[in-house]
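A structural walkthrough
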Amino acid sequence: MSEKIYAFLLRLYPSGFRKAYGGEAMQLVRDRLRDEKGLSCRLRLWRDLLVDLAMSLPREYRNAQPVLASSSTQRRLDGVPSFHVLEDQPPSVGTILAAVLFVLLALGTLSMMLKHVGDHRRSSDSVMQGRAAQTRWAPSPGSAARLSGNASHATVAVSQPAVAPSSADSPRAASTDLMLDNAERQRVIEAAVDNLKKHYFDSGGAEKMANALLFHERNGDYNSINDGKAFAELLTRQMRKVGQDVDLAMEYSPARLPDHPQAQTPEDLARYRNFLEQNNCFYKKVEILPHAIGYVKLDGFADASICRSTAVAAMASLNGTKAVIFDLRDNRGGDPAMVSLMAAYLFDHPEYWYSPRPGPTPQSWTQSPVPGNHLADKPVYLLTSASTWSAGEQFSYDLKMMKRATLIGETTGGGAHAGVWHRIDDHFGMGIPEVRVVNPYAKNDWEGTGVEPDVKVKAADALIAAEKLAESKLQRGKTD
Amino acid sequence: MPKRKLDPLPSAAFQILLSLADQDLHGYAIMRQVLEQTDGRMRLGPGTLYSSIQSLLEESFIKEVDSREDATPGDQRRRCYRLTSAGLKLARSEAERLAGLLRVARAKKILRGDYV
């Protein structure tokens, strides 16, 4: 078999070489096949043959064209094409077939490589929102739980998928349709009651919610529910109704949830870092518009521990501007530390920076003033859309509440609250807020409602509107 | 002027010349000899081997000789190759060039000891 394959590959060489040495080359391969037995020897033999083929084939074709190589020395008339015969006989049918097969093989290999690259890109997307987001779980309304968790306790953003890849994308998570039985329902209820009592910040509220769930269970209210998603949604509604807390969520995932926190390997970190670098830490544009108006299009708040220098460079490049427009219309959230880092440039003294999500290292005050920064007193405009989400909304909300920025565009998506993720079993988990966070500006923040802009225009028109506002403000400043 | 295939002398061609320094060999035997004299580092594949042999033949650094000594029954007649005096001269000049390089390496303290 190996001999036949090599005989086939030998057809790729120029006919002159085949005629002169084809037989001997075949004999050499036969000799090696005879002397080198065993799997490892055969693998080495084929590696040698393929490498040899790749190295010697181009050389042989170059050597087979002596006329062409010397053609430049021949006298040629200007404008008259000259032809050189490279082979003294037309290629045989076998050669053409071999070439076709070779091309198909090459195309097949290329398409496989492209697919691999595609998979890699998709898996890269899973790390888009930073290491902070790797411990964040963002369920979507009425959809499967989305888990990127590297920790059993993870921050939960209720209402929309913002940051995490679907667990169905994980090779470890096999999707199965689950028909709920009595035992499964009971297990979920017991775990929910247990988790609420252990982790919910308000023990009185936890007791009330636990009792309500147990009451419904005793009443047989859950007996007819066989669908996991419907069961999770019902429990969520009941907990929220009794607890008056929209941060609470029970989630169902048809795909199996990982057992343990996935250890973050150095490869994961390297891939994540590489992804951020390739995407310029989500700084899609940093420009100076006419009238010295700075423009930053930021599509996400990348991990500050990796992207600090990019952020610092971007903000420093705006230092000479007279106003700054932050375009958050495609901003899907990210690392609160990056939000705080950027906000620091907009103040000349530390300001309280409200975050509805208590992180592991809360940075409640901006690190202002930033040495050498001249943006603290410059007008700031934020462009928002219905897609602006999570950390993008936090940046908008806080700056709006502090009257430090003018928001222009559409009402944002409305994802604010966060809880901590608790896995119950292979398909159920719940988000529970463990800390009460006080909003200094209002009773409610943007959860479910979004952040209202100061100037309502269509998202597509927001940049033009902002430029006009900025220009007129700068004009007024001149005349004052 | 067409590019000379053996200028500079490729490593594979030099090893083939060395393998033929003291005996006539056929293709497979050359491959084995090169493998041995390079401590297993160079395993010439058929394409590289016969491409180099072709170039060396064209420049008359080696020549073909017939040999039936190791022909097994049913085996085809094998072509053996022999080093010519021009080939010997070429191999010697390449070896001297490499020896010169080694002297420089030693002088620069990249290599130590009496290697040459």
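Residues numbered from 1 in each chain as written. Chains lettered and ligands numbered in written order. Predicted model: local features only at pLDDT ≥ 70, side-chain atom pairs only at ≥ 80, totals over all residues.

**So, the overall build of chain A**
- When you go through chain A residue by residue, the secondary structure sums to 14 helices and eleven strands.
- Residues classed as buried in chain A amount to 37% of the 480 residues present. (Helix = DSSP H or I, 4+ residues; strand = E, 2+ residues; numbered from the N terminus. Buried ≥ 20, exposed ≤ 12 C-beta atoms within 10 Å, placed from the backbone.)

**Details of the overall build of chain B**
- Scanning chain B from N- to C-terminus turns up four helices and three strands.
- Of all 116 residues assigned to chain B, the portion counted as buried reaches 33%.
- Put simply, of all contacts in chain B between residues at least 6 apart along the chain, 51% involve residues at least 24 apart. (Contact = placed C-beta atoms within 7 Å.)

**Some points on helix 8 (residues 203–218) of chain A**
Residues and elements named next belong to chain A.
- Between its first and last C-alpha, helix 8 extends 22 Å over 16 residues, near the 22 Å set by a 1.5 Å rise per residue.
- Elements that come into contact with the buried residues of helix 8 comprise helix 7 (182–199) and helix 9 (228–243).
- Trailing helix 8 by a residue or two, Gly220 shows a phi angle of about 80°, which is positive. (Expected span 1.5 Å × (residues − 1).)

**Observations regarding the nonpolar core**
- In this structure, A:Ile325, A:Met338 and A:Leu382 are the most contacted members of the largest nonpolar core, which totals 50 residues.
- At six residues, helix 12 (residues 336–343) of chain A tops the list of elements feeding residues into this core.
- Non-local contacts of A:Met338, meaning those with residues more than four positions away in its chain, are made with A:Phe301, A:Ala302, A:Ala304, A:Cys307 and A:Ala311.
- Formed by 36 residues, the second largest nonpolar core is a distinct cluster that contains A:Leu9, A:Val29, A:Leu45 and B:Cys80. (Core = buried A, V, L, I, M, F, W, Y, C linked by C-beta atoms within 7 Å.)

**What about the interface of chain B and chain A?**
- In this assembly, 18 residues from chain B lie in contact with 24 residues from chain A.
- Among the secondary structure elements, those contributing two or more residues to the side of chain B that touches chain A are helix 2 (27–37) and helix 3 (46–58) of chain B.
- At seven residues, helix 3 of chain B tops the list of elements feeding residues into the side of chain B that touches chain A.
- Here the residues of the side of chain B that touches chain A are counted per class, giving seven nonpolar, seven polar and four charged. (Nonpolar A, V, L, I, M, F, W, Y, C, P; charged D, E, K, R; others polar.)

**Regarding the packing of helix 11 (residues 304–317) of chain A against helix 12 of chain A**
All names here are of chain A.
- One can describe the packing of helix 11 onto helix 12 by two numbers: an axis separation of 10 Å at closest approach and a directional angle of 25°. When the axis of helix 11 is compared with that of helix 12, the two are roughly parallel. Read as a crossing pair, helix 11 and helix 12 show a hand that is right-handed. When helix 11 is examined against helix 12, the residues Ala304, Cys307, Arg308, Ala311 and Met315 are found in contact with a partner set consisting of Ala337, Met338, Leu341 and Met342.
- Taken together, the residues that form the contact of helix 11 with helix 12 break down as eight nonpolar, no polar and one charged. (Axes fitted to C-alpha atoms, helices over the stretch in contact; angles between N-to-C directions. Parallel < 35°, antiparallel > 145°, perpendicular 65-115°, else oblique. Left-handed = near helix turned anticlockwise from the far one by under 90°.)

**Section: the sheet that holds strand 4 (residues 283–289) of chain A**
Residue and element names in this part refer to chain A.
- Taking strand neighbours across the sheet as the criterion, the six strands line up as 4-5-6-7-8-11 in an open arrangement whose pairing is mixed. Because the sheet does not close on itself, it has two edges, and the strands there are strand 4 and strand 11 (455–456).
- As paired strands, strand 6 (residues 323–327) and strand 7 (residues 380–384) are joined by four bridges and run parallel to one another. Residue pairing across strands places Ile325 opposite Tyr381, the latter belonging to strand 7.
- Its contacts with the sheet place helix 13 (residues 391–401) against strand 7 and strand 8 (406–409), and it is angled at close to 140° to strand 7. (Pairing = 2+ DSSP bridges.)

**Things to note about the pairing of strand 7 of chain A**
Residues and elements named next belong to chain A.
- When you tally the buried positions in strand 7, you get four out of five residues, the bulk of the element.
- Here four bridges tie strand 7 to strand 8, and the two strands are oriented parallel to one another. Looking at the pairing, Tyr381 lines up with Thr406 of strand 8.
- For the handedness criterion, the β-α-β arrangement of strand 7, helix 13 and strand 8 is classed as right-handed. (Right-handed = clockwise from strand over helix to strand, strands pointing away.)

**Considerations on unusual backbone geometry**
- The residue after A:Ser368, namely A:Pro369, is reached through a cis peptide bond having omega -5°.
- Position of A:Pro369 relative to the elements: it lies in the loop between helix 12 and strand 7.
- A cis amide bond links B:Asp7 to the next residue, B:Pro8, at an omega of 5°.
- For B:Pro8, the location among the structural elements is in the segment before helix 1 (11–19).
- One non-glycine residue, A:Ala292, lies in positive phi territory at about 60°.
- Among the structural elements, A:Ala292 can be located in the loop between strand 4 and strand 5 (293–298).
- Residue A:Ala292 is classed as partly exposed on the basis of its 14 C-beta neighbours within 10 Å.
- A positive phi angle, near 60°, is found at B:Ser60, a position not held by glycine.
- By the element assignment, B:Ser60 lies in the loop between helix 3 and strand 2 (62–67).

**Let's talk about the confidence of the model for chain A**
All names here are of chain A.
- Taken over all residues, the pLDDT of chain A has a mean of 79, while the share at 70 or more is 78%.
- Residue range residues 67–75 is modelled with pLDDT below 50. Its contacts to residues more than four positions away, or to other chains, number eight contacts.
- In this model, residues 118–175 is a region of pLDDT below 50 whose contacts with residues beyond four sequence positions or in other chains number 151 contacts. (pLDDT = per-residue confidence, 0-100.)

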